[in-house]
Amino acid sequence: MIKLSKQAKLTKKFEEVANNVSGKQNIKSAANVPDENVANIEVLSKIYVKYQSKAIYNSNPQTLDEERKNFKIDDSLPSIVLVLESPHKDELCYYHPAAGTTGENINDYFLKLLTDLLAFSTNSDSIYHRSNYLIENNTYRLIIANPIQYQCSLGLENSKYKKKIFKKCWESEAFKADFIARLKSYRPALIINCCTGGEKNNLDGLQKLVQEEINKNFITIPKAYGYHPSTDYFLRGFKLITL
């Protein structure tokens, strides 16, 4: 008997869930989109945050190719993890998380939103104070991670299957364990949950399910949440989670 790898087991499990939920039996060889280190961010003070280097998806192929060519990955750095949901059509097409509009919004606005979060979460009255209680002044990897790395929407616009497939997968300890193991390997200093599902800037739906798992496993790590970057609501910023 051929022994399946951990990833192959997840793939097989996802195909079973997708087929059962959709009522189809033709979903095979589901592709997963791995998490990705898309930038290195320097936090120098609570109001001075900058990209050291980046390779975040944007609509200019020439710029993106140049950024990716020059981007140097340093796995020794701690990380800021931006949690999304599951790959959408563009992500499978380009085989990068947050391709398309999602990536463009992250590229254009994430740094400002992060700066706002740090600035309003400081323990000092001085805007020039060189530390804050969220994260230390340091260089961090920005990692984009999907809790489920398979396409829960099955590639359909406004898919009626997406939430059902995601929830059914999330009932399996295998998918939750895979997500948490990936997060732990990134040594996060800050986790920002932008999974879909939040309503009126409150944790709800799929986002709440994901946050509950993050809270259980990263008790002492600073956590925040916001809207998914595929929407204009993303610009409303991140809200600190207090337990």
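If you're wondering where the values come from, they're calculated on a predicted model, not measured in any experiment. (Residues numbered from 1 in each chain as written. Predicted model: local features only at pLDDT ≥ 70, side-chain atom pairs only at ≥ 80, totals over all residues. Heavy atoms only, no water.)

Asks: Before we move on, can you summarise the overall build of the protein with the specific residues and values?
Replies: Each helix and strand counted, the protein has seven helices and seven strands in total. Counting over 243 residues, the protein shows a buried share of 53%. Long-range contacts, defined here as pairs at least 24 residues apart, represent 72% of the contacts in the protein between residues at least 6 apart. (Helix = DSSP H or I, 4+ residues; strand = E, 2+ residues; numbered from the N terminus. Buried < 20%, exposed > 50% of the residue type's maximum accessible area, 1.4 Å probe, protein only. Contact = heavy atoms within 4.5 Å.)

Asks: Can you lay out the side chain of N37 for me, pointing to particular residues and giving the numbers?
Replies: Note on placement: N37 falls in strand β1 (residues 36-45). Among the polar contacts made by the side chain of N37, one reaches the main-chain carbonyl oxygen of A39 at a distance of 3.0 Å. There is a polar contact of 3.2 Å between the side chain of N37 and the backbone oxygen of L142. Discounting chain neighbours no more than four positions away, the residues touching N37 are F71, I73, R141, L142 and I143. (Polar contact = N/O pair within 3.5 Å; in protein donor to acceptor, adjacent residues only side chain to side chain.)

Asks: Explain the packing of helix α6 (residues 173-185) against helix α7 (residues 205-217) residue by residue, including any values.
Replies: Packed helix pairs are characterised by how far apart their axes lie and by the angle those axes make with each other. At their nearest, the axes of α6 and α7 sit 11 Å apart, and the two run at 55° to each other. What the angle tells us is that α6 and α7 run oblique. When the axes of α6 and α7 are compared, the crossing they make is right-handed. Residue-level inspection shows K176, F179, I180, L183 and K184 of α6 in contact with α7, the latter providing V210, E213, I214 and N217. Looking at the contact of α6 with α7 residue by residue, the classes come out as five nonpolar, one polar and three charged. (Axes fitted to C-alpha atoms, helices over the stretch in contact; angles between N-to-C directions. Parallel < 35°, antiparallel > 145°, perpendicular 65-115°, else oblique. Left-handed = near helix turned anticlockwise from the far one by under 90°. Nonpolar A, V, L, I, M, F, W, Y, C, P; charged D, E, K, R; others polar.)

Asks: Quick rundown of the pattern of salt bridges? Include the residues and the values.
Replies: In total, this model carries 13 salt bridges according to the counting rule given. One salt bridge in this structure joins K6 and D178, with 3.7 Å as the shortest N-O distance. On the criterion of sequence distance, the pair formed by K6 in helix α1 (residues 6-22) and D178 in helix α6 is long-range, its members being 172 residues apart. Of the charged contacts in the structure, one is a salt bridge between D75 and R141, with a shortest N-O distance of 3.6 Å. Here the residue D75 occupies a position in the loop between α2 (61-70) and β3 (79-83), and R141 occupies one in strand β4 (residues 138-145), the gap between them amounting to 66 residues. (Salt bridge = Lys/Arg side-chain N within 4 Å of Asp/Glu carboxyl O.)

Asks: A description of the packing of aromatic side chains should follow, citing residues and the corresponding values.
Replies: With the rule as written, the count across this model stands at seven aromatic pairs. Ring geometry for F14 against Y150: centres 5.1 Å apart, planes inclined by 15°, an arrangement best described as stacked. With F14 in helix α1 and Y150 in the loop between β4 and α5 (162-170), this pair connects stretches of sequence that are 136 residues apart. Of the residues examined, F14 reaches a relative accessible area of 2% and is grouped as buried. Taking relative accessible area as the criterion, Y150 reaches 1% and is therefore assigned buried. With a centroid separation of 5.2 Å and an interplanar angle of 35°, the aromatic rings of Y227 and Y233 are classed as tilted. What makes Y227 buried here is its relative accessible area of 11%. Clustering of aromatic rings is evident, with ring pairs tying together F110, F234 and F238. Seen from the ring of Y51, K54 lies directly overhead, with NZ or CZ sitting 5.8 Å from the centre. (Phe/Tyr/Trp six-rings, centres within 6.5 Å; stacked < 30°, edge-to-face > 60°. Lys NZ or Arg CZ within 6 Å of the ring centre and 35° of its normal.)

Asks: Pulling in residues and values, what's your account of the nonpolar core?
Replies: Core analysis: the largest hydrophobic core is formed by 30 residues, its most contacted members being I41, I80, F110, L114, L142, I192 and F238. Those elements giving two or more residues to this core turn out to be β1, β2 (48-54), β3, α4 (101-119), β4 and β5 (188-193). Take this core: its biggest share by element is seven residues, from α4. If near-sequence neighbours (up to four positions away) are discounted, F238 is found in contact with F110, L113, L114, L117, I192, C194, A224, Y225 and G226. (Core = buried A, V, L, I, M, F, W, Y, C linked by side-chain atoms within 4.5 Å.)

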